[in-house]
Amino acid sequence: MNIRYFLLALFASIGFLFVSSVSYSADGKLHIYWIDTEGGAATLIVTPQGESVLVDTGNPGLRDADRIVKAATREAGLKRIDHLVITHFHRDHFGGAATLATLIPIGRVYDNGIFEGLSERPDQSYLEFSCAGRSVINPGDTIALKQPTSGPQLRLMCLAARKQYIKPDLVQAKENRDIASLHRPKERDGSDNANSIVLLLSYGDFRFFDGGDLTWNQEFELVHPYNLVGQVDVYQVTHHGLDSSNNPAVLQSLKPTIAVMNNGHIKGCMPDVFADLKEVSTLKATYQVHKNLRPDGSVNNVPDDFIANHHPADKCEGHFIKLSVAADGGNYSVAVPATKHTANYMTVPKL
Ligand SMILES: [Zn+2]
C-alpha cells in the first residue's frame, strides 16, 4: 500500500469511528430492503440493534449509490453501512461501491478477494475505495453482528464462495440425494457468477437466502448430496430471475414462502423461472423490484401490487421493497410502499 492509500484508509477509519453512533430508532424488528438498481443488486439488512449489512451496491455511477444512501439514511435512519458484502465481481454488484463510499462511511468489506482463477477483476476504484477494512470471506464464516438484547439469535453465515461450500456437519445438513432427479446440468458458466458468495441470514426460525448470481450447476451443489441451506422463508430470486440460475432442485429444497426478484425492466423475469417457482407448493407470493416491460411482460409478471417499479429505467423513481421481521422472529410483513401493498406471513418453524 503506498502512502496515499494508507492515509486514505486511515482517514476513512477515523471517519467511520467518528460517526459510530447511529440515529437509528430501534423498533426491535429486523428489516430487509431491496433497493432498485435497475437489474443490479443492492439488498440492505438492518438488524434489531440498528447494525447494517449491505449486500451488493448496484451499478457504477451516482444513480444506484444515491438510491442506496436514500434508503439507508431516510428510510432506515442509518449514518453508515457497517458491513458490505460484494457477492462477486460483476459491475451490477460491485459497481456502485466506490461512489457509495464517497457518500456514506463504509465499515468492513467482505468479498472473494483476488484469487487464482478469478475470471473478471474488479477495477482499481473498487480495490481502493475508503472503508474500515477488507476481508476475504470463506464458507462457514459468520459476519459478527451484535445480538439483540432480547429475542432470538441473529446469524449471517456464508454458505459458499468461489465454488467452495460449507461442510455439511457445520450446519447439521440433511442428506438430499433424491433431489438429483430434478437436476438437468446446464452448460458450464465460466464467468464470475459461479463464484458468488452465498449468504443465509437467520433470526430465530426466520431464514433469508441471498445467493447473488450463483449459476445452475453450482447451485445444485448447495442442495446435493446434502441440503446445506435447509428450508428458507424468503428467497431472493437468484441472478435477477434469469434462467441460467434458479435450478428447480434448489427451489424444491429451499421451499420458500416468499420470493423477491431484483430484476430490471428488461432483465430477469424469465418464463422458466416463473414456471419453476409456480411448482413450489410452499410459495405464497413473489415480489418484483421492477415490472417486466419486454413483449412477454403480460404473462411474465406478478400482479401490479407486488411490483415496486412500473416504468422503464429512464423514467424510474427507484422504489424499494421492504420486509420487516417481528422482534420474536415468528412472523414478518412485506411492504411495497409505492403500491401501498402490505402482507403478513408466518415464519415456518424449522426442525
Ligand atoms: Zn447480477
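Residues numbered from 1 in each chain as written. Predicted model: local features only at pLDDT ≥ 70, side-chain atom pairs only at ≥ 80, totals over all residues. Heavy atoms only, no water.

J.: Go over the coordination of the zinc ion, please, and point to the residues and values.
T.: Note on the zinc ion: its protein donors are Asp-92 (OD), His-93 (NE2), Asp-213 (OD) and His-240 (NE2). The metal-donor distances range over 2.1 to 2.2 Å. Coordination at the zinc ion is irregular: its four donor atoms span angles of 84 to 154° at the metal. Here the donor residues of the zinc ion are spaced in sequence according to D-H-x119-D-x26-H. The same class applies to Asp-92 as to His-93, namely buried. (Donors = N, O, S within 2.8 Å, 3.2 Å for Na, K, Ca; no water. Tetrahedral: all angles 85-135°; square planar, octahedral: opposite > 155°, others 65-115°. Buried < 20%, exposed > 50% of the residue type's maximum accessible area, 1.4 Å probe, protein only.)

J.: Describe the sheet that holds strand E6 (residues 133–136), listing the residues and the values that go with them.
T.: Pairing in this open sheet of nine strands is mixed, and the strands run E6-E5-E4-E3-E2-E1-E17-E18-E19 from one edge to the other. Where the open sheet ends on each side, the last strands, each with one partner, are E6 and strand E19 (341–346). Neighbour-to-neighbour, the strand axes of this sheet turn through a mean angle of 15°, independent of strand direction. Direction of pairing for strand E1 (residues 30–34) relative to strand E2 (residues 43–46): antiparallel, over a ladder of four bridges. Its bridge partner lying in E2, His-31 is registered against Val-46. (Pairing = 2+ DSSP bridges. Helix = DSSP H or I, 4+ residues; strand = E, 2+ residues; numbered from the N terminus. Axes fitted to C-alpha atoms, helices over the stretch in contact; angles between N-to-C directions.)

J.: Kindly report on the nonpolar core, identifying the contributing residues and their values.
T.: With 70 residues, the main nonpolar core has Phe-206, Leu-222 and Tyr-287 as its most contacted residues. Take this core: its biggest share by element is seven residues, from strand E7 (residues 154–161). Once residues lying within four places of it in the same chain are set aside, the contact partners of Phe-206 are Leu-30, Ile-32, Leu-201, Asp-233, Val-234, Leu-323, Val-325, Gly-329, Tyr-332 and Thr-347. Among the nonpolar cores identified, the runner-up in size contains 31 residues, and Ile-35, Ala-72, Phe-89 and Phe-115 belong to it. (Core = buried A, V, L, I, M, F, W, Y, C linked by side-chain atoms within 4.5 Å. Contact = heavy atoms within 4.5 Å.)

J.: How would you sum up the sheet that holds strand E10 (residues 198–203)? Please name residues and give values.
T.: Strands sit in the order E8-E7-E10-E11-E13-E14-E15-E16 across an open sheet of eight strands; the sheet is mixed. Bordering the open sheet on either side are strand E8 (164–165) and strand E16 (307–309), each of which pairs with just one other strand. Sheet topology places strand E15 (residues 285–290) next to E16; two bridges connect them, and they run parallel. Among the inter-strand pairings, His-290 is bridged to a residue of E16, identified as Asn-309.

J.: Provide a residue-level description of the confidence of the model for the chain, including the pertinent values.
T.: Scored by pLDDT, the chain has a mean of 93; 93% of the residues are at 70 or more. The low-confidence segment residues 18–22 (pLDDT under 50) makes eight contacts with residues lying over four places distant or belonging to another chain. (pLDDT = per-residue confidence, 0-100.)

J.: Account for the packing of aromatic side chains, with residues named and values stated.
T.: Any aromatic ring pair is given by two values, namely how distant the centres are and how the planes are angled relative to each other. Tallying each qualifying case throughout the model produces 10 aromatic pairs. Arranged with centres 6.3 Å apart and planes meeting at 75°, the rings of Phe-89 and Phe-94 form a pair that is edge-to-face. Note on accessibility: Phe-89 and Phe-94 belong to one class, buried. Here Tyr-287 and Phe-306 contribute two aromatic rings whose centre-to-centre distance is 5.0 Å and whose plane-to-plane angle is 40°, an arrangement assigned as tilted. One end of the pair, Tyr-287, is in strand E15; the other, Phe-306, is in the loop between E15 and E16, and 19 residues separate them in sequence. Looking at Tyr-287, the relative accessible area reads 0%, which means it is buried. In this structure an aromatic cluster arises from ring pairing among Phe-89, Phe-94, Tyr-126 and Phe-129. One Lys or Arg, Arg-134, reaches over the ring of Tyr-126 and ends 5.5 Å from the middle of that ring. (Phe/Tyr/Trp six-rings, centres within 6.5 Å; stacked < 30°, edge-to-face > 60°. Lys NZ or Arg CZ within 6 Å of the ring centre and 35° of its normal.)

J.: Run through the pairing of strand E4 (residues 81–85), naming residues and quoting values.
T.: The buried fraction of E4 amounts to five of the five residues, a majority that puts the element mostly inside the structure. Between strand E3 (residues 52–55) and its parallel partner E4, the chain crosses via helix H2 (residues 62–75), and the hand of that crossover is right-handed. Sheet topology places E4 next to strand E5 (residues 106–111); four bridges connect them, and they run parallel. Its bridge partner lying in E5, Val-85 is registered against Tyr-110. (Right-handed = clockwise from strand over helix to strand, strands pointing away.)

J.: With reference to specific residues and values, describe helix H6 (residues 216–223).
T.: Burial of H6 is extensive: six of the eight residues sit out of reach of the surface. Burial in H6 covers these residues: Trp-216, Gln-218, Glu-219, Phe-220, Leu-222 and Val-223.

J.: Residue-level account of the pattern of salt bridges, with values.
T.: Following the criterion strictly, the structure yields 11 salt bridges and no others. A salt bridge links Asp-36 to Arg-67, with the shortest nitrogen-to-oxygen separation between them at 3.3 Å. Within this pair, whereas Asp-36 is found in the loop between E1 and E2, its partner Arg-67 is found in helix H2, the two being separated by 31 residues in sequence. Take Arg-67: its relative accessible area is 12%, and that puts it in the buried class. Residue Glu-38 is joined to Arg-67 by a salt bridge in which the shortest nitrogen-to-oxygen separation is 2.9 Å. One end of the pair, Glu-38, is in the loop between E1 and E2; the other, Arg-67, is in helix H2, and 29 residues separate them in sequence. The same class applies to Glu-38 and to Arg-67, which are both buried. Among the ionic contacts, a cluster of salt bridges with common partners joins Asp-36, Glu-38 and Arg-67. (Salt bridge = Lys/Arg side-chain N within 4 Å of Asp/Glu carboxyl O.)

J.: Account for the side chain of His-183, with residues named and values stated.
T.: Looking at where His-183 falls in the secondary structure, it is placed in the loop between strand E9 (174–175) and E10. In this structure His-183 comes out as buried when scored by relative accessible area, which is 13%. At 2.9 Å, the side chain of His-183 and the side chain of Asn-247 are in polar contact. The contacts of His-183, once residues within four sequence positions are left out, are Trp-216, Asn-217, Phe-220 and Asn-247. (Polar contact = N/O pair within 3.5 Å; in protein donor to acceptor, adjacent residues only side chain to side chain.)

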